[in-house]
Amino acid sequence: MPRGRYSLHDPHDHTPLGEEHFSCAPGPSGWRYVSRLTGPDGDHRGSVDLAVDELGRPIRLELNARSWQVRGAAVDGVTWVRTDPTGTEATEGNVRAPAFTGTSPAFLVATARLLRLTPGAPATRVRLVRFTDPVLAPRTEDQAWALVGTATHSTDSGPLVVDEYQVTALDTGEVHTVHLTGDVVLAAPGIELEELDTPPSAFPS
């Protein structure tokens, strides 16, 4: 079960946004990721709990940020309930999309698992529902993912297979690179892996 820490920053001006302390593990029914978020001052600012099935579909999502909360799952596309800070009102949403996304590295791993891309194949288009910081407002976006290459690196604990993805935001045309190894993000815009206690878990083929 990998445990570690990501540092988070603004991908445009590199302003520090805090850290995400995480643990994740594959299981008999899929994969689960749990994390605690802290701000640059070390104060608690939220949490992520994401579980996906063996096909990468979200079977449970719970996000917390500054008293806002989202609970969601793959139902008729994806369905969610967003609760306001006072807890007196809740709004429901549904979009014909296969999965969620957001600032957490968990969503990059889950999307890669969902798409199961082949190196060198044409980019695959996917529609996702993003929950934006800091109030978890939902926004539908289209992305194109391509697996541009896979490299194997020697480490003290054995070979480390790193996948390089090219991700394009189709509304803006912005392109960025994501490096994954197993169920851990090595680097992505706004994300750096700072600590990892145990080697990444490999998904079953």
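Read on for a plain summary of the structure. (Residues numbered from 1 in each chain as written. Predicted model: local features only at pLDDT ≥ 70, side-chain atom pairs only at ≥ 80, totals over all residues. Heavy atoms only, no water.)

**Looking at the packing of aromatic side chains**
Two aromatic rings are characterised by how far apart their centres lie and by the angle between their planes. Formally: Stacked, tilted and edge-to-face pairs are distinguished by plane angle, under 30 degrees for stacked and over 60 for edge-to-face with tilted covering the rest, among Phe, Tyr and Trp rings (Trp via its six-membered ring) whose centres lie within 6.5 Å. Counting from the N terminus, the helices are DSSP H or I runs at least four residues long and the strands are E runs at least two residues long. Partly exposed residues are those whose accessible area sits between 20% and 50% of the maximum for their type, while under 20% is buried and over 50% is exposed, using a 1.4 Å probe and protein chains only.
This structure, assessed with the given rule, holds eight aromatic pairs. Seen from their ring centres, Phe100 and Phe131 are 5.5 Å apart, and the 35° between their planes marks the pair as tilted. Taken as a pair, Phe100 in strand S9 (residues 99-101) and Phe131 in strand S10 (residues 124-132) lie far apart in primary sequence, 31 residues in all. Phe131 carries the same exposure label as Phe100, and that label is buried. An angle of 65° between the planes, with centres 5.4 Å apart, marks the rings of Trp145 and Tyr165 as edge-to-face. Pair noted here: Trp145 is in strand S11 (residues 137-155) and Tyr165 is in strand S12 (residues 158-169), with a separation of 20 residues, a long-range link. Residue Trp145 is classed as buried on the basis of its relative accessible area of 1%. Among the aromatic residues, those joined into a ring-pair cluster are Tyr6, Phe22, Trp31, Tyr33 and Phe203.

**Things to note about the side chain of Thr181**
Heads up, the condition is: Under this definition, polar contacts are N or O atom pairs within 3.5 Å; protein pairs additionally need one hydrogen-donor-capable and one acceptor-capable atom, and for neighbouring residues in sequence, both atoms have to be side-chain atoms. Contacts: residue pairs with any heavy atoms within 4.5 Å of one another.
Relative to the elements of secondary structure, Thr181 occurs in strand S13 (residues 175-181). A polar contact is formed between the side chain of Thr181 and the backbone oxygen of Val161, at a distance of 2.8 Å. Every residue in contact with Thr181, bar those within four places of it in the chain, is listed here: Leu160, Val161, Val162, Leu186 and Pro200.

**Description of the nonpolar core**
The condition is simple: Buried Ala, Val, Leu, Ile, Met, Phe, Trp, Tyr and Cys residues that are joined via side-chain atoms within 4.5 Å together make up what is termed a nonpolar core.
By size, the foremost hydrophobic cluster in this structure holds 45 residues, and its most contacted members are Phe131, Trp145 and Tyr165. It is helix H1 (residues 105-115) that contributes the most residues to this core, eight residues altogether. Leave out the neighbours within four places in its chain, and Trp145 touches Leu108, Thr111, Ala112, Leu115, Leu117, Ala123, Thr124, Val126, Tyr165, Gln166 and Val167.

**Focus: the pattern of salt bridges**
Put simply, the rule reads: Salt bridge criterion: a side-chain nitrogen from Lys or Arg within 4 Å of a carboxyl oxygen from Asp or Glu.
In this structure the tally under the stated criterion is eleven salt bridges. The partner of Asp53 in a salt bridge is Arg57, with the nearest N and O atoms 2.7 Å apart. On the basis of relative accessibility, which here comes to 40%, the residue Arg57 falls in the partly exposed class. Through salt bridges with shared partners, one network takes in Arg130, Arg139, Glu141 and Asp171.

**Some details on the environment of Val185**
Within the secondary structure, Val185 sits in strand S14 (residues 184-188). Residue classification places Val185 among the buried residues on the basis of a relative accessible area of 0%. Along the sequence, Val185 and Asp163 sit 22 residues apart, while their C-alpha atoms lie 9.7 Å from each other. Contact partners of Val185, with chain neighbours within four places excluded, come to Tyr6, Pro105, Leu108, Val109, His179, Leu180, Ile191 and Leu193.

**Digging into unusual backbone geometry**
Of note, the amide linkage connecting Asp133 to Pro134 takes the cis form, showing an omega dihedral of 0°. Assignment of secondary structure puts Pro134 in the loop between S10 and S11. One non-glycine residue, His14, lies in positive phi territory at about 65°. Note on placement: His14 falls in the loop between strand S1 (3-9) and strand S2 (16-27). In this model, Arg116 sits at a positive phi of 50°, which is unusual for a non-glycine residue. Inspection of the secondary structure assignment puts Arg116 in the loop between H1 and S10. Look at Arg116 and you get partly exposed, because its relative accessible area is 39%.

Function cannot be read off these values alone, since they describe shape.
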